[in-house]
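Overview (structure and organization)
Here's the letter readout for the chains.
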Amino acid sequence: MIEKILLLSNLAYIASCGTNNVPTFDQTKKTFDCTDGMDVTMPCNIMLVIDPLTSMTYYNIKEDERELRGYRARFDSNGNLVTLLPSSQLPLNFSSFPPPVQTDGHFRPIITINGQVPGPTIIAHENQRLVISVYNELKNVEGVTIHWHGMHHKDTQRADGVAFITQRPIPPNTQFTYDFYASPGGTHWYHAHSGAQRTDGIYGALIVKDTLPGNMYDFDYPDQHTLLLMDWQRDASIDLFYAIGSSLRYWKEVPGQDDYVSYSVTRSADGTVVGPLPFWSGIINDKGRHYDEMNQTNIRNSNLCNFNVSEGNRYRFRLIGAQALYAFRFSIQDHRMTVVSTDGSPIIPIEDVDYVIVNTGERYDVIVHANQTSGNYWIWAETLEVETNIGQGFYNSISKHRAEAILHYDESDDASIDDVDEIKTCTSSSPCKAVNCPIRYYGDIIQCTNADEFESVPDHVIPQSIYSPDDTVFLNFGFDGESTTSGSSINGVNFRFPANPPLTEYAEFQNSSDMCPTRGCDHDVATHCACTQVIDISSQPRGSVVELVLTNRAVDGSSPDGAPHPVHLHGHYFYVVKIGYPENDTSGLFSAANDDVECVITATNVPCPRNFIAVENQNGGFKQSLRWRDLIRPAGIDTQNRFARKDTVIVPYGGYTVIRFVVDNPGWWFLHCHIEIHQLEGMAVVIKELPKEIPTNNLIACPGAGGSLSNLRVSPLIMIVGVIITTLCVYLA
């Protein structure tokens with residue numbers, strides 16, 4: 001799979017760039033509020049510095065002390081931070097050091113933004129200009145890019161921040177400025193989009209202030225009530241991916257024995273796969289705890305985040321799914337929620353909600369009414385894993401596989417909170433209400449409202465399309481490569497990142513030998529296929545509608561060995577038209593894949609959905625292997641309802657999700673599974689939209705080592721390696 005190690009020049013394209021002269025920054029500054037004393041006409045200048053640090057370590061980062069000398073810390077039995085060194089060995093100014101990055105209380109390598117994980121929250125007016133300078137101080141020669149998740153970047157795609165698609169990674173000792181307008185409004189975020197850096201700490205909240213219709217809440221404090229949810233690993237993300245790529249697997253100790261056992265996948269309530277790699281810790285914002293399953297205890301007496309409310313008031317809480325893998329089931333003890341927005345787009349409120357399932361990449365805004373007795377209440381974000389496949393909804397969840405925080409009433413002086421086994425009880429006589437379930441059937445104890453049942457506000461009538469078989473594009477998110485360790489694919493093709501970004505080096509890009517279909521990717525050959533897969537919709541005029549059917553076909557139609565995929569589209573909102581779920585037996589377990597979609601097989605031993613959607617047929621449509629069964633569109637697709645707009649949506653295992661978007665944003669837009677390992681392995685495509693209208697101004701090449709890259713290739717998994725040595729030529733030049 002690994003063919004060449006990529007040595008990239010330190011070329012970068014954006015409004016401005018240059019070598020670093022890193023200014024001093026405030027490690028304790030948690031928020032850049034561009035609305036404080038500024039109106040929408042005033043540009044907001046922000047500086048983000050990327051540094052490699054270690055969690056649970058004191059640092060005092062200054063411009064003239066870039067060696068980042070640190071002092072390790074731990075929690076004592078009372079939950080207080082203490083240093084491992086005696087005070088006599090600490091510097092004289094140690095009392096001025098800001099507190100360390102805690103995460104789950106363990107030491108591990110992290111990548112920080114301004115010395116923090118997650119990075120500072122950015123708050124802006126809608127349509128306000130943001131000028132964000134990113135300084136790369138990674139000393140292990142890693143390049144970096146930042147994606148502004150949820151921003152549509154109309155006329156500023158150069159700021160979308162996807163490595164090898166819209167720019168080359170920013171080399172170390174180099175500054176790179178992203179210049180764009182904050183739009184649309186709502187709850188969004190930013191994160192690394194190069195290699196595995198997002199889940200090592202390069203992520204943060206981006207809140208574009210808006211006003212929801214109706215008098216639904218009393219207070220909106222995005223600097224206080226924004227929750228970034230993360231499944232945190234013990235090891236650096238790159239080490240995990242090396243283990244996956246080399247088939248080392250995972251091993252854990254056996255309680256009471258001097259032995260190890262191989263990790264087995266965990267499953268959800270319907271018996272399908274949830275955890276292909278072990279859950280370690282969950283963190284909310286910058287704090288969490290690891291639970292030691294061997295000793296049945298929290299092994300670090302680490303702190304948790306408090307979210308303060310005042311009795312009787314209604315608050316807007318913003319939930320952001322930053323996870324690497326696990327979906328989280330979010331709930332608040334003794335409090336129900338009203339869901340009012342998804343991915344920044346308002347919906348008709350869904351009231352009295354007990355659980356909101358948040359997948360990686362998704363955002364949900366909820367109203368929390370502080371209507372309970374003053375005190376402290378648990379906030380939990382639990383995984384969807386269960387102990388056994390009993391088909392009984394959320395019950396028998398794996399203990400302590402969750403992130404925790406505390407809802408604190410200001411009227412209470414009590415800081416204590418009792419441990420509990422569960423914070424919601426669901427019965428057939430008093431069922432719980434959930435939002436965004438990945439499976440359809442939870443018996444009579446869970447009532448779920450899913451994404452294709454949301455209704456948009458204001459009344460966005462779903463755009464209609466031209467419904468001939470050639471006008472709907474089918475994309476299967478599955479594992480059709482050599483193995484499940486290298487087989488994350490779309491339509492049987494592992495996405496290969498190009499050496500030349502199409503936005504900025506189109507001439508070199510279009511002549512690349514890695515463009516599909518090539519390199520063993522013949523439609524009738526059952527071989528491993530890796531190439532740069534492009535959905536070319538350039539023939540679609542502005543204002544037309546593209547319909548995508550995102551499928552998640554089972555390898556074996558009756559096998560439960562698969563998982564849902566959260567799919568994210570850059571540059572657009574899309575309308576969620578329909579979700580087709582698999583069949584379940586009477587106990588709720590997966591029994592068969594949905595049969596609305598069929599495969600037209602043209603050769604034996606060929607992955608069914610392998611096709612090349614960039615190759616148009618004589619009628620101007622696409623050559624495809626998947627289609628609606630008997631060419632009959634399922635019921636419910638062609639109705640004009642007030643479906644919600646999203647940019648990230650779940651595709652259930654054994655099922656499909658139908659989405660539509662309007663062709664109105666010129667650019668090269670990435671479409672991919674947001675589970676980090678799946679995207680890195682190749683579960684992605686690029687959409688080529690209105691290419692003749694793509695702006696070419698302000699695409700400036702930063703000075704550097706130079707050199708041609710036209711003959712070099714980037715494999716999807718070795719992009720992890722590639723970003724480490726992306727800018728090695730900077731030091732060789």
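Everything numeric here is computed off the predicted structure, so don't read it as measured data.

**Focus: the overall build of the protein**
The number of helices and strands found in the protein is 5 helices and 51 strands. When contacts within the protein are restricted to residue pairs at least 6 apart in sequence, those whose partners lie at least 24 apart make up 78%. For the protein, the exposed surface amounts to about 26800 Å²; the carbon and sulfur share of it is 47%.

**Comments concerning unusual backbone geometry**
For the bond running from V117 to P118, omega is -10°, close enough to zero to count as cis. The residue P118 is located in the loop between β8 (109–113) and β9 (121–125) in this model. Between S183 and the following residue, P184, the backbone shows a cis peptide bond with an omega angle of 5°. The residue P184 is located in the loop between β12 (174–181) and β13 (186–192) in this model. Phi is positive for N285, which is not a glycine, with a value near 55°. Here N285 lies in the loop between β20 (281–284) and β21 (287–292). The class for N285 is buried, based on a relative accessible area of 15%.

**Observations concerning the confidence of the model for the protein**
Per-chain confidence: the protein averages 82 in pLDDT, with 78% of residues scoring 70 or above. Note that residues 1–15 has pLDDT below 50 and, in this model, 76 contacts with residues that lie over four places away or in other chains.

**Describing the pattern of salt bridges**
A full pass over the atoms with the stated rule returns 29 salt bridges. As a salt-bridge pair, D210 and R316 come within 3.1 Å of each other at their nearest N and O atoms. Of this pair, D210 sits in the loop between β14 (203–209) and β15 (226–232) while R316 sits in strand β24 (residues 314–321), and the two are 106 residues apart along the sequence. By the burial criterion, D210 is buried, and R316 matches it. The partner of K424 in a salt bridge is D354, and the shortest N-O contact between them spans 3.7 Å. Of this pair, K424 sits in the loop between β31 (402–409) and β32 (432–435) while D354 is found in the loop between β27 (345–353) and β28 (355–358), placing the two residues 70 residues apart along the sequence. On the basis of relative accessibility, which here comes to 9%, the residue K424 falls in the buried class. In this structure D354 comes out as buried when scored by relative accessible area, which is 4%. Salt bridges here are not isolated pairs; linked through shared partners, they connect D210, D220, R316, R318 and D365.

**Looking at the sheet that holds strand β30 (residues 376–382)**
Spatially, 7 strands are ordered β23-β31-β30-β25-β28-β32-β33 in an open sheet, and the strand pairing comes out mixed. Of all strands in the sheet, those with a lone pairing partner are β23 (306–309) and β33 (446–449), marking the two edges. Strand-to-strand twist across the sheet, computed as the mean angle between neighbouring axes with direction ignored, equals 25°. Here 4 bridges tie β32 to β33, and the two strands are oriented parallel to one another.

**With respect to the nonpolar core**
Grouped together as the largest cluster of nonpolar side chains are 73 residues, with contacts concentrated most on L227, F317, V339, I379, L475, L548 and L550. Of all the elements, β31 adds the most residues to this core, at 4 residues. Leave out the neighbours within four places in its chain, and F317 touches H225, L227, F307, V309, Y364, D365, V366, V368 and L407. Grouped together as the second largest cluster of nonpolar side chains are 29 residues, C34, L138, F176 and I202 included.

**Observations concerning the sheet that holds strand β35 (residues 488–490)**
An order of β35-β34-β39-β48-β41-β46 is seen for the 6 strands of this open sheet, with the pairing classed as mixed. Looking along the sheet, the strands with just one partner apiece sit at the ends: β35 and β46 (645–646). As defined by bridge partners, strand β34 (residues 472–479) adjoins β35 across 3 bridges and the pair is classed as antiparallel. Its bridge partner lying in β35, F479 is registered against S488.

**What about empty space enclosed by the protein?**
A full pass over the atoms with the stated rule returns 10 cavities of 30 Å³ or more. One number sums up the size of the largest cavity: a volume of about 220 Å³. Lining the largest cavity are 19 residues, and of these V273, V274, A327, A563 and P564 sit closest to its centre. Taken together, the residues that form the lining of the largest cavity break down as 14 nonpolar, 4 polar and 1 charged.

Parameters at a glance
Residues numbered from 1 in each chain as written. Predicted model: local features only at pLDDT ≥ 70, side-chain atom pairs only at ≥ 80, totals over all residues. Heavy atoms only, no water. Helix = DSSP H or I, 4+ residues; strand = E, 2+ residues; numbered from the N terminus. Contact = heavy atoms within 4.5 Å. Areas by Shrake-Rupley, 256 points an atom, 1.4 Å probe, with all protein chains shown as cover. Buried < 20%, exposed > 50% of the residue type's maximum accessible area, 1.4 Å probe, protein only. pLDDT = per-residue confidence, 0-100. Salt bridge = Lys/Arg side-chain N within 4 Å of Asp/Glu carboxyl O. Pairing = 2+ DSSP bridges. Axes fitted to C-alpha atoms, helices over the stretch in contact; angles between N-to-C directions. Core = buried A, V, L, I, M, F, W, Y, C linked by side-chain atoms within 4.5 Å. 1 Å grid on protein atoms, 1.4 Å probe; cavity = no way out; pocket = protein on both sides within 12 Å on 5 of 7 lines; lining within 4 Å. Points joined across faces, edges and corners; volume = space filled by probe spheres on them. Nonpolar A, V, L, I, M, F, W, Y, C, P; charged D, E, K, R; others polar.

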